[in-house]
Amino acid sequence: VALAAAKAKGPSGADAGAWKAALWGRLEGVAETLLGKLSQVWALHRVLCKKRDSQTQRLLLELVSPSYKGEDPRFFCSFWSRLMATVGKQLQASSEQSSFVKGMMVSEYPKLRGILIEMWTTAKNDTEAGASGAVGEAE
């Protein structure tokens, strides 16, 4: 119980710097991992938009998502929306469980915002760079 209370309260004095560095290092690591997953989902999206079922000649994305219409990025956007909702819930839960984490999220919000904006910008640039080519045509 004492350990759980100490974790909820946060570090004391000299340990605060190490905890802060560890927190931001982990958040940056999570952002990098999420970018990797976003890249994989974008690649899957692109393949599903290009390849056709050998029997029906329908795009694979039409088979996965029957509501798919043309150059509709809903498959990827749905993943992005769910991912960001999960990230938000996890940040909120972490803040509720630890006053230290909550303090860092509030006092260093610009840093957290910067990590998220960098993740968004990188994902946007990566997806725009790979968006050439007509839907349904092999590259």
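Bear in mind that the values here come from a model prediction, so they are computed numbers and not experimental data. (Residues numbered from 1 in each chain as written. Predicted model: local features only at pLDDT ≥ 70, side-chain atom pairs only at ≥ 80, totals over all residues. Heavy atoms only, no water.)

Section: the pattern of salt bridges
And step 1. This model, assessed by the stated rule, comprises two salt bridges.
And step 2. Here Lys 20 makes a salt bridge to Glu 108, at a shortest N to O gap of 2.6 Å. One end of the pair, Lys 20, is in helix α2 (residues 15-50); the other, Glu 108, is in the loop between α5 (99-107) and α6 (109-129), and 88 residues separate them in sequence.
And step 3. Look at Lys 20 and you get partly exposed, because its relative accessible area is 33%.
And step 4. Given the relative accessible area of 17%, Glu 108 is considered buried. (Salt bridge = Lys/Arg side-chain N within 4 Å of Asp/Glu carboxyl O. Helix = DSSP H or I, 4+ residues; strand = E, 2+ residues; numbered from the N terminus. Buried < 20%, exposed > 50% of the residue type's maximum accessible area, 1.4 Å probe, protein only.)

Here's the deal with the packing of helix α4 (residues 74-97) against α5
And step 1. Contact pair α4 / α5: the axes reach a minimum separation of 5 Å and the direction vectors enclose 125°. As the angle between them shows, α4 and α5 are arranged oblique. From α4, Leu 91, Ser 94, Ser 95 and Gln 97 reach across to α5, where they touch Ser 99, Val 101, Lys 102 and Met 105. (Axes fitted to C-alpha atoms, helices over the stretch in contact; angles between N-to-C directions. Parallel < 35°, antiparallel > 145°, perpendicular 65-115°, else oblique. Contact = heavy atoms within 4.5 Å.)

Focus on the nonpolar core
And step 1. Grouped together as the largest cluster of nonpolar side chains are 21 residues, with contacts concentrated most on Leu 23, Trp 24, Leu 27, Leu 38, Leu 91, Met 105 and Leu 112.
And step 2. Breaking this core down by element, the ones donating at least two residues are α2, α4, α5 and α6.
And step 3. The greatest single-element share of this core, amounting to eight residues, is contributed by α2.
And step 4. Look past the residues within four positions of Leu 23 in its chain and what remains in contact with it is Phe 100, Val 101, Met 104 and Met 105. (Core = buried A, V, L, I, M, F, W, Y, C linked by side-chain atoms within 4.5 Å.)

Quick look at α6
And step 1. Taking 1.5 Å per residue, 21 residues should reach 30 Å; α6 reaches 30 Å between its end C-alpha atoms and fits that length.
And step 2. Taken as a whole, α6 has its buried residues at Leu 112, Ile 115, Met 119, Ala 123 and Thr 127. Down the axis, α6 shows its buried residues gathered within 90° of arc, on one side only. The outward face of α6, more than 90 degrees from its buried face, is lined by the exposed residues Pro 110, Glu 118 and Ala 129. (Expected span 1.5 Å × (residues − 1). Arc of directions from axis to C-beta.)

Observations concerning the packing of α2 against α5
And step 1. For the pair α2 and α5, the least separation of the axes is 11 Å and the interaxial angle reads 70°. Regarding the angle of α2 to α5, the classification is roughly perpendicular. Classified by chirality, the crossing of α5 by α2 is right-handed. Here Ala 16, Trp 19, Lys 20, Leu 23, Trp 24 and Leu 27 of α2 come into contact with α5, specifically with Phe 100, Val 101, Met 104 and Met 105.
And step 2. When its residues are assigned to classes, the contact of α2 with α5 shows nine nonpolar, no polar and one charged. (Left-handed = near helix turned anticlockwise from the far one by under 90°. Nonpolar A, V, L, I, M, F, W, Y, C, P; charged D, E, K, R; others polar.)

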